[in-house]
Structure formats: C-alpha cells, structure tokens
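Inside the fold
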Amino acid sequence: MAGQQTRIRWGQARFGGGRIPAVLIAIPGGLLLGAAGGWLAVGTGLAGSNPALGFAVFTACLAMPAMALMYVLVVDRNSVEGAVDRPEESVEGKWYDKAASGSFTDLVLVLGVLAAVAAFVPADLAADLKLVLPAILAVCFASFGIRYLLLRHRG
Amino acid sequence: MENRVNECRSRLGWSQQRLADQLGVSRQTIISIERGRFDPSLPLAFRLARIFETTLEELFLPDGNP
C-alpha cells in the first residue's frame, strides 16, 4: 500500500494549513533558539568579559541541537522519504521498543550504582551536576544505540 | 514461529520489497519474518494471509508443530 502523500528526503511539516519542507522551520527556528540561549548567557554573565564573543560561542553551540530539536518536533514522519505506512508493525518498531526498555533498565542500574557509590564519597568531593547530567545522558544514548544496533545486526 | 511466507512469496514471483510495499512495512520486516526472527502482529498476519490467498493456519506454524 503506497502512501498517498508526497515524501521528500527530510520530510515536511504542517504550516499555515499547508505543507512545507520541515527544514525550512527547523533551521531558522533552531537559530532563533540558539540566539536566545546566547542572549541568556550574556544576560546572566555566563558569557564572560567579552559579551559579543560569548554570545557567538553560546549561539553556535546551541544552534545545532536546537535545530535538531525543532526538526524532531515539527516533522511529519510519514512525509520522510523511505517511510513506511505502518511503522508500528515493522520490525524496526520492535527493535526500538526493546532497545528503549533495555536502556531504561541500564539507566536505573547505573543511577543505582552511582547513588550507592556516592554514599561513600566524602562530602568535600562533590561532583558538578553540569558534568554529571550530560554524562548520564551520554550513557542513555550509548545504551540505546548499542542495543538497537545489536538487535538490527541479529535481524 | 515457523512460516511459509518465503515459499508463498516465491510462488507469486514477488520481491521482498514488493511484498513490503503491499503490506506498508519495511523490507527488513519481511526479511525478519521469513527468517523466523520476527512474529508479525495479528493484523499484519491477516494481511499476509489475504495477499497469499491462504489461511493463518497454513501460513504460520507454531514451533515444533509442522
């Protein structure tokens, strides 16, 4: 059963009653979000002694993930080239579910072990949350990615 | 669960991609079903049976019961 709607490489998004390529919303939207982050960094003094440079650095670092976030939020997945009509019945959906549930178990395990270890760490050796949270996020990404790739490899 | 999807598809002379397009699923799904590594959902199994003009009982065989 072929899909009725047009499918393009990066998919489309609903906009003003019609449809436009999703990247036309994601790129400017991501740039705006990145600039807002840069402006916030300058406003809160995080940008350092050179506000212009700080703004540029924060904007540049935040723009790409913001564009990715905007894209994920606005794209209609059925309009992406190669999409299937019933993704929920495809084997990839099963791999995704299994990888997600497995990575959740990994996350609970890692956090549990870390909490137990932290109980024995002296109070003056406090970890910086700005490092811990991205590290936990990286563990989640790695766990999910490795599990998904293994499932795909097994077919 | 064993199945006769590969046999039925070959009889029709269809490629895996053509069958996948007819069912609205990915080609990898057909590959996994034919290898017995993925048990399709009930609606998908019924659509397979309809395409091959057969019944579920003839298309899918429980493990150990040929």
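Reading the values: rules and limits
- Residues numbered from 1 in each chain as written.
- Chains lettered and ligands numbered in written order.
- Predicted model: local features only at pLDDT ≥ 70, side-chain atom pairs only at ≥ 80, totals over all residues.
- Heavy atoms only, no water.
- Helix = DSSP H or I, 4+ residues; strand = E, 2+ residues; numbered from the N terminus.
- Buried < 20%, exposed > 50% of the residue type's maximum accessible area, 1.4 Å probe, protein only.
- Areas by Shrake-Rupley, 256 points an atom, 1.4 Å probe, with all protein chains shown as cover.
- Lys, Arg positive; Asp, Glu negative; His and termini not counted.
- Charge placed at Lys NZ, Arg CZ, Asp CG, Glu CD.
- UniProt positions renumbered as here; feature names shortened; annotations may be inferred.
- Polar contact = N/O pair within 3.5 Å; in protein donor to acceptor, adjacent residues only side chain to side chain.
- pLDDT = per-residue confidence, 0-100.
- Core = buried A, V, L, I, M, F, W, Y, C linked by side-chain atoms within 4.5 Å.
- Contact = heavy atoms within 4.5 Å.
- Phe/Tyr/Trp six-rings, centres within 6.5 Å; stacked < 30°, edge-to-face > 60°.

What follows is about the overall build of chain A. Tallying secondary structure elements over chain A gives 4 helices and 2 strands in all. Reading the helices (α) and strands (β) of chain A from amino to carboxyl end gives β-β-α-α-α-α. Out of the 155 residues in chain A, the part that is buried amounts to 23%. Surface accessibility of chain A: about 10600 Å² in total, with carbon and sulfur atoms responsible for 72%. The centroid of the 12 positive side-chain charges in chain A is displaced by 4 Å from the centroid of its 10 negative side-chain charges.

All right, on to the UniProt feature "domain: HTH cro/C1-type" (unreviewed entry) in chain B then. The positions UniProt marks with the feature "domain: HTH cro/C1-type" (unreviewed entry) are residues 5–59 of chain B. Counting secondary structure, residues 5–59 of chain B comes out at 69% helix and 0% strand; the distance between its end C-alpha atoms is 7 Å.

With that settled, consider the side chain of Arg47 of chain B. For Arg47 of chain B, the location among the structural elements is in helix α4 (residues 42–51). In this structure the side chain of Arg47 of chain B is engaged in a polar contact, spanning 3.0 Å, whose partner is the backbone oxygen of Leu23 of chain B.

Looking now at the confidence of the model for chain B. Predicted confidence across chain B gives a mean pLDDT of 91, with 95% of residues reaching 70 or more. Confidence estimates for the predicted assembly give a pTM of 0.76 and an ipTM of 0.83.

Now for the nonpolar core. Across soluble globular proteins, nonpolar side chains have a tendency to be buried as a group. Of all hydrophobic cores here, the largest spans 21 residues; its most connected members are Val5, Leu19, Leu23, Leu48, Phe52 and Leu59 of chain B. Only α3 (91–118) of chain A together with α1 (5–12), α2 (16–23), α3 (27–34) and α4 of chain B provide two or more residues apiece to this core. At 4 residues, α4 of chain B tops the list of elements feeding residues into this core. In this structure Leu48 of chain B touches Val5, Leu19, Leu23, Ile33, Pro40, Leu59 and Phe60 of chain B, once residues within four positions along its chain are discounted. Formed by 8 residues, the second largest nonpolar core is a distinct cluster that contains Ala26, Tyr71, Val75 and Val80 of chain A.

With that settled, consider unusual backbone geometry. For Glu53 of chain B, which is not glycine, the phi torsion reads 50 degrees and is therefore positive. For Glu53 of chain B, the location among the structural elements is in the loop between α4 and α5 (56–59).

Let us now look at the packing of aromatic side chains. Residue and element names in this part refer to chain A. Tallied over the full model, the rule gives 4 aromatic pairs over all chains. Relative to Tyr71, the ring of Trp10 lies with its centre 6.0 Å away and its plane at 80 degrees, an arrangement referred to as edge-to-face. In this pair, Trp10 sits in the segment before β1 (12–15) while Tyr71 sits in helix α2 (residues 51–74), placing the two residues 61 residues apart along the sequence. Look at Tyr96 and Phe144: their rings are 5.2 Å apart centre to centre, the planes differ by 70 degrees, and that puts the pair in the edge-to-face class. Separated by 48 residues along the polypeptide, Tyr96 in helix α3 and Phe144 in helix α4 (residues 129–154) bring together distant segments of the chain. Note on Tyr96: relative accessible area 48%, which makes it partly exposed. By relative accessible area, which is 25% here, Phe144 ends up partly exposed.

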